[in-house]
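# Chains, contacts and geometry: an overview
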Amino acid sequence: EAAVTQSPRNKVAVTGGKVTLSCNQTNNHNNMYWYRQDTGHGLRLIHYSYGAGSTEKGDIPDGYKASRPSQENFSLILELATPSQTSVYFCASGERLGGNTLYFGAGTRLSVL
Amino acid sequence: QQKVQQSPESLSVPEGGMASLNCTSSDRNFQYFWWYRQHSGEGPKALMSIFSDGDKKEGRFTAHLNKASLHVSLHIRDSQPSDSALYFCAASEPNTDKVVFGTGTRLQVSP
């Protein structure tokens, strides 16, 4: 089964600070995704990537940047963190095919105070 | 409004009972659908995919897709306490790798 590892698992940040969430996958999948999970909203897509060097905006990209420096790594960057970005963030990877199943990491719980 | 809506928000069934979850899309471009399950403290895991109209059965789980009505459902027979989890419907369009998830249904199976 695909292995997707997120770090850190828990993070407390201050308002206005910079936060970087990291994701690593070991199955050579082309696509990687960042979602946030909030009660009442389910999983919402922030950014995704088709491969090294590419990033695409998802449905809620405002306030977030993404970086895909290699096939294995995909980062989510909050340049100026706000309390509204307190959430659980999930990274996922998948093949680049129509109808691709996603494999998720265990999540990062972020609190912005 | 999110393009993939699920109902009910929560559902409680007795052990051995049938659980039925629903998902409706507002985007006719969606052609591929999945059901994912998330246990507490974990990431979501794919349960099953369904890409063609009709039923798809995998063990105790049956998915049904009606593309004309943009409706997909998941039925779990002989529900077990281990089925208690948050269930997500997901959808994507052909020729794109953007995958959109629904709002989730929390299932509780009581012994």
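A brief structural summary. The structure presented is a predicted model; accordingly, all values stated were derived computationally and were not measured.

### Concerning the overall build of chain A
- A count of helical and extended segments in chain A gives 0 helices and 11 strands.
- Seen in sequence order, chain A has helices and strands lined up from the N terminus as β-β-β-β-β-β-β-β-β-β-β.
- Taking 113 residues into account, the globule formula puts the C-alpha radius of gyration at 13 Å, and chain A, at 13 Å, falls close to it.
- Dimensions of chain A, computed from C-alpha atoms along their principal axes, come out at roughly 40 × 30 × 25 Å.
- The 113 residues of chain A split such that 53% are buried.

### Details of the sheet that holds strand β7 (residues 61-66) of chain B
All names here are of chain B.
- Across the sheet, which stays open at both edges, the 5 strands sit in the order β1-β3-β8-β7-β6 with antiparallel pairing between neighbours. With partners counted over all chains shown, the strands left at the sheet margins are β1 (4-7) and β6 (54-58), one partner each. Between one strand and the next, the sheet's axes are offset by a mean angle of 15°, whatever the strand orientation.
- With 6 bridges connecting them, strand β3 (residues 19-25) and strand β8 (residues 71-76) associate as antiparallel partners. Of the residues in β8, the one forming a bridge with L21 is L74.

### Some words on the pairing of β8(B)
Residues and elements named next belong to chain B.
- Where β7 and β8 come together, 6 bridges link them in antiparallel fashion. Opposite F61, over in β8, you have I76 as the bridge partner.
- Here β7 hands over to β8 after 4 residues, with L70 in that stretch at a positive phi of 55°.

### Re the nonpolar core
Residues and elements named next belong to chain B.
- Counting residues in each nonpolar core, the largest one holds 24 residues, and the members touching the most others are W35, V72, L74 and Y87.
- Of all the secondary structure elements, the ones that give two or more residues to this core are β3, β4 (32-38), β5 (45-50), β7, β8, β9 (85-92) and β11 (105-110).
- If you tally residues by element for this core, the top one is β9, at 4 residues.
- The contacts of L74, once residues within four sequence positions are left out, are A19, S20, L21, W35, L47, M48, F61, T62, A63 and Y87.

### Concerning the environment of B:W34
- Its location among the elements puts B:W34 in strand β4.
- Given the relative accessible area of 1%, B:W34 is considered buried.
- Those residues in contact with B:W34 that lie beyond four places of it in its chain are A:G99, A:N100, A:T101, B:M48, B:S49, B:F51, B:F88, B:C89, B:A90, B:A91, B:S92 and B:V99.

### Some points on the pattern of salt bridges
- In the structure shown here, the tally under the stated rule is 8 salt bridges over all chains.
- Here B:K98 and A:D59 are joined by a salt bridge, their closest N and O atoms 2.7 Å apart. Of this pair, B:K98 sits in the loop between β9 and β10 (99-101) while A:D59 sits in the loop between β6 (56-57) and β7 (65-67), which puts the two residues in different chains.
- The class of B:K98 is partly exposed, set by a relative accessible area of 23%.
- Residues A:E79 and A:K65 are paired through a salt bridge, measuring 3.2 Å at the closest nitrogen-oxygen approach. Pair noted here: A:E79 is in the loop between β8 (73-78) and β9 (87-94) and A:K65 is in strand β7, with a separation of 14 residues, a long-range link.

### Focus: the interface of chain A and chain B
- Listed per partner, the contact involves 27 residues of chain A and 23 residues of chain B.
- Summing both sides of the interface, chain A and chain B together bury roughly 1,800 Å²; the carbon and sulfur share of this comes to 52%.
- Looking only at chain A, the three residues that lose the most surface to chain B are A:L43, A:G99 and A:F104, adding up to 25% of its buried area.
- Inspection of the chain A/chain B interface yields 1 salt bridge.
- Where chain A touches chain B, the interface holds 7 residue pairs in polar contact (both at pLDDT 80 or more).
- Elements represented by at least two residues in the side of chain A that touches chain B include exactly β4 (31-38) and β5 (42-49) of chain A.
- The greatest single-element share of the side of chain A that touches chain B, amounting to 5 residues, is contributed by β5(A).
- Looking at the side of chain A that touches chain B residue by residue, the classes come out as 11 nonpolar, 10 polar and 6 charged.

Calculation notes
- Residues numbered from 1 in each chain as written.
- Chains lettered and ligands numbered in written order.
- Predicted model: local features only at pLDDT ≥ 70, side-chain atom pairs only at ≥ 80, totals over all residues.
- Heavy atoms only, no water.
- Helix = DSSP H or I, 4+ residues; strand = E, 2+ residues; numbered from the N terminus.
- Rg over C-alpha atoms; globule rule 2.2 N^0.38 Å.
- Buried < 20%, exposed > 50% of the residue type's maximum accessible area, 1.4 Å probe, protein only.
- Pairing = 2+ DSSP bridges.
- Axes fitted to C-alpha atoms, helices over the stretch in contact; angles between N-to-C directions.
- Core = buried A, V, L, I, M, F, W, Y, C linked by side-chain atoms within 4.5 Å.
- Contact = heavy atoms within 4.5 Å.
- Salt bridge = Lys/Arg side-chain N within 4 Å of Asp/Glu carboxyl O.
- Buried area = accessible area lost by both parts, 1.4 Å probe.
- Polar contact = N/O pair within 3.5 Å; in protein donor to acceptor, adjacent residues only side chain to side chain.
- Nonpolar A, V, L, I, M, F, W, Y, C, P; charged D, E, K, R; others polar.

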